[in-house]
Amino acid sequence: MSTNDTRIYLASGSPRRREILEQLGLHLERIHADIDETVRPGEDAVAYTERLAREKAEAGWRVVSSCGLPERPLLSADTTVTQDGEIFGKPENADDARRMLRAFSGRSHQAITSVAVRDGGKLLVKTSVTDVFFKPLSDAEIERYIASGEPFDKAGAYGIQGKAGVFIEHIEGSYTGVMGLPVHETALLLAEFGFELP
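Residues numbered from 1 in each chain as written. Predicted model: local features only at pLDDT ≥ 70, side-chain atom pairs only at ≥ 80, totals over all residues. Heavy atoms only, no water.

The geometry of two aromatic rings is summed up by the distance between their centres and the angle between their planes. Enumeration over the complete set of coordinates arrives at six aromatic pairs. Ring plane angle 80 degrees and centroid distance 6.1 Å describe the contact between F104 and Y158, whose orientation is recorded as edge-to-face. Within this pair, whereas F104 is found in helix α3 (residues 94-104), its partner Y158 is found in the loop between α4 (139-147) and β7 (168-172), the two being separated by 54 residues in sequence. The class of F104 is buried, set by a relative accessible area of 0%. Judged by its relative accessible area of 5%, Y158 is buried. Chaining the aromatic ring pairs together yields one cluster made of F88, F104, F134, Y145, Y158 and F167. In this structure, K122 is placed above the aromatic ring of F193, and the distance from its NZ or CZ to the ring centre is 4.8 Å. (Phe/Tyr/Trp six-rings, centres within 6.5 Å; stacked < 30°, edge-to-face > 60°. Helix = DSSP H or I, 4+ residues; strand = E, 2+ residues; numbered from the N terminus. Buried < 20%, exposed > 50% of the residue type's maximum accessible area, 1.4 Å probe, protein only. Lys NZ or Arg CZ within 6 Å of the ring centre and 35° of its normal.)

The next thing to look at is the side chain of R72. Among the structural elements, R72 can be located in the loop between α2 (45-66) and β3 (74-83). Beyond its immediate sequence surroundings of up to four residues, R72 is in contact with R7, I8, Y9, E29, W61, R118 and D119. (Contact = heavy atoms within 4.5 Å.)

Before going further, it helps to spend a moment on the UniProt feature "active site" (unreviewed entry) in the protein chain. According to UniProt, the feature "active site" (unreviewed entry) maps to D78 in the numbering used here. Summarising the element assignment, D78 is placed in strand β3. For D78, a relative accessible area of 5% corresponds to the buried category. In this structure the side chain of D78 is engaged in a polar contact, spanning 3.0 Å, whose partner is the side chain of K56. (UniProt positions renumbered as here; feature names shortened; annotations may be inferred. Polar contact = N/O pair within 3.5 Å; in protein donor to acceptor, adjacent residues only side chain to side chain.)

Here we take up the pairing of strand β5 (residues 108-119). Of all twelve residues that make up β5, nine are buried, and the element is covered over most of its length. Here β3 runs beside β5; their pairing, made up of nine bridges, is antiparallel. The residue of β5 that forms the bridge with S76 is A116. Note that β5 and strand β6 (residues 122-134) share twelve bridges and pair antiparallel. Residue pairing across strands places Q110 opposite D131, the latter belonging to β6. Hairpin geometry of β5 and β6 is characterised by an intervening segment of two residues between the two adjacent antiparallel strands and by a positive phi of about 60 degrees at G120. (Pairing = 2+ DSSP bridges.)

Our focus in this paragraph is the nonpolar core. L21, L75, L101, F134 and Y158 are the most contacted members of the largest nonpolar core, which totals 37 residues. The element best represented in this core is α3, accounting for four residues. Residues within four places of F134 in sequence aside, it is in contact with L101, F104, S105, G106, R107, H109, Y158, F167, I168 and E169. Grouped together as the second largest cluster of nonpolar side chains are eleven residues, I31, A33, V64 and A116 included. (Core = buried A, V, L, I, M, F, W, Y, C linked by side-chain atoms within 4.5 Å.)

See the structure below:
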């Protein structure tokens, strides 16, 4: 791949990841890559997130190969939220979102995003871990946020870049990592595959 080629495959349906990558000047082609996201017994949040990012990259690469698409780097990512050893995925319903937000209220938790890039036989993964500190939340604040509909497609039932930004007192780590794609780690990975960003 030439260093001025900015085309990659993206094995993710996340509009936030697409937006971040496009802001970096990349041109994306979405690849659908379904995997089983069940947590394995004894698997911690970092191992889980890294495994899912890797498996999404492998599944996406199989699609590229089976469809006879041109070979170019494929990027995938996975974001998980964890607190006290529990992994919080996307909420199943309003009660699940309520449970998550109450757990985070007035406390810190970790947002973990792993990014994987696959090209040919080479697959690399980098992980960002960010401590997120929530202010104490009232029941009314939680109910208004749930009613907005925003929590339901996001790990941990919130999006830092949306209405839940008002809940967050501060973070220690990567803002874009909490969004779902840590820019620093992503740029380092892509540099390993010949990309020069920005």
